[in-house]
Structure formats: C-alpha cells, structure tokens
Amino acid sequence: AQLLSVQFPSAASRFSSDRVTYDAPISLGRLQASGLRSRRIIALCGTASQLKDALLMFRVLRNRLAQSKSAVVVIPTDGSSEEDWGFDGLELRNSLYLATPENLEQWKEYFQSLA
C-alpha cells in the first residue's frame, strides 16, 4: 500500500471554469513519512452503483472531511467515472476531498490482493 499514489485536487480548481486540476502525485508511503502525516486517506473500491451509494455520505460530509484533512480515493472496478457516480463538473471542482488514484491498475491489484 505504501507504493500506491494519489493526486489531490488543487485549490485553484475551485476557480477553474471547465475542469479540475491536480497537484503532483504523491505515494502513500511518502505521505505518511512527510509532515503531511495528519492527512487521512479513505479508499473506496467497487462498481458504479456501489460507489454512487457510498459517496452519498461523503458528499454530505464534505466540509467535515476538509476540516479533518481527509481525502476519499475512489477505485472503480468497472471503468466508471465521476459522472457515473453522480458528480457534475461544478461539484467536482468544489470537491477538494475527492482525490484521484494515480495508476488505477495498481490500486485495483491491491484491492484484489485483499480479497
């Protein structure tokens, strides 16, 4: 798990008119070893319908997630996207708690190894 990497949305995304921009990828191991240790990662893995249901709670708690320096990383097993999970462009730009997995296949393999 330490080698898995994520990208966090940049704060500038909130002011972008058309897309979400991301900071440079960082591995979970580096995140833990750095001064960013207080950043919590919540990883969700599943199909579009499973992720859509699970993300409802996180959407409600988005301000609390930001306050607690928590990020949600979504790993779709069926190739689904943010739109399939119920997010539109405006909501994505304002969802600073929603991190993106770097190298999705590595993340999928990690979750498969847990099963």
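Everything in this summary refers to the structure shown in the same document. Nothing here was measured: the structure is a model prediction, and the numbers come from that model.

Moving on to a nonpolar patch on the surface. A surface patch of nonpolar side chains, about 300 Å² in accessible area, is lined by Met 57, Val 60 and Leu 61. Counting through the fold element by element, Leu 61 comes out in the loop between helix H2 (48–60) and helix H3 (62–67). For Leu 61, a relative accessible area of 38% gives the class partly exposed.

Looking now at the side chain of Ser 80. Following the sequence through the fold, Ser 80 ends up in the loop between strand S4 (70–76) and helix H4 (89–93). One polar contact links Ser 80 to Asp 78, side chain to side chain, over a distance of 2.8 Å. Polar side-chain contacts of Ser 80 include one of 2.9 Å to the side chain of Trp 85. Apart from residues lying up to four places away in sequence, Ser 80 is in contact with Ala 48, Leu 51 and Trp 85.

Before going further, it helps to spend a moment on the sheet that holds strand S3 (residues 40–46). Strand order across the open sheet formed by five strands is S2-S1-S5-S4-S3, with mixed pairing between neighbours. With partners counted over all chains shown, the strands left at the sheet margins are strand S2 (26–27) and S3, one partner each. By the bridge criterion, three bridges tie strand S1 (residues 5–7) to strand S5 (residues 98–102) in an arrangement that is antiparallel. Paired with Gln 7 across the strands is Thr 100, a residue of S5. Relative to S4, helix H5 (residues 104–114) is tilted by about 85 degrees, and along the sheet it contacts S1, S3, S4 and S5.

About the criteria used
- Residues numbered from 1 in each chain as written.
- Predicted model: local features only at pLDDT ≥ 70, side-chain atom pairs only at ≥ 80, totals over all residues.
- Heavy atoms only, no water.
- Patch = residues over 30% accessible without salt bridge, like charges linked within 9 Å, V, L, I, M, F, W, Y side chains within 5 Å.
- Areas by Shrake-Rupley, 256 points an atom, 1.4 Å probe, with all protein chains shown as cover.
- Salt bridge = Lys/Arg side-chain N within 4 Å of Asp/Glu carboxyl O.
- Helix = DSSP H or I, 4+ residues; strand = E, 2+ residues; numbered from the N terminus.
- Buried < 20%, exposed > 50% of the residue type's maximum accessible area, 1.4 Å probe, protein only.
- Polar contact = N/O pair within 3.5 Å; in protein donor to acceptor, adjacent residues only side chain to side chain.
- Contact = heavy atoms within 4.5 Å.
- Pairing = 2+ DSSP bridges.
- Axes fitted to C-alpha atoms, helices over the stretch in contact; angles between N-to-C directions.

By themselves, these figures tell us nothing about what the structure is for.
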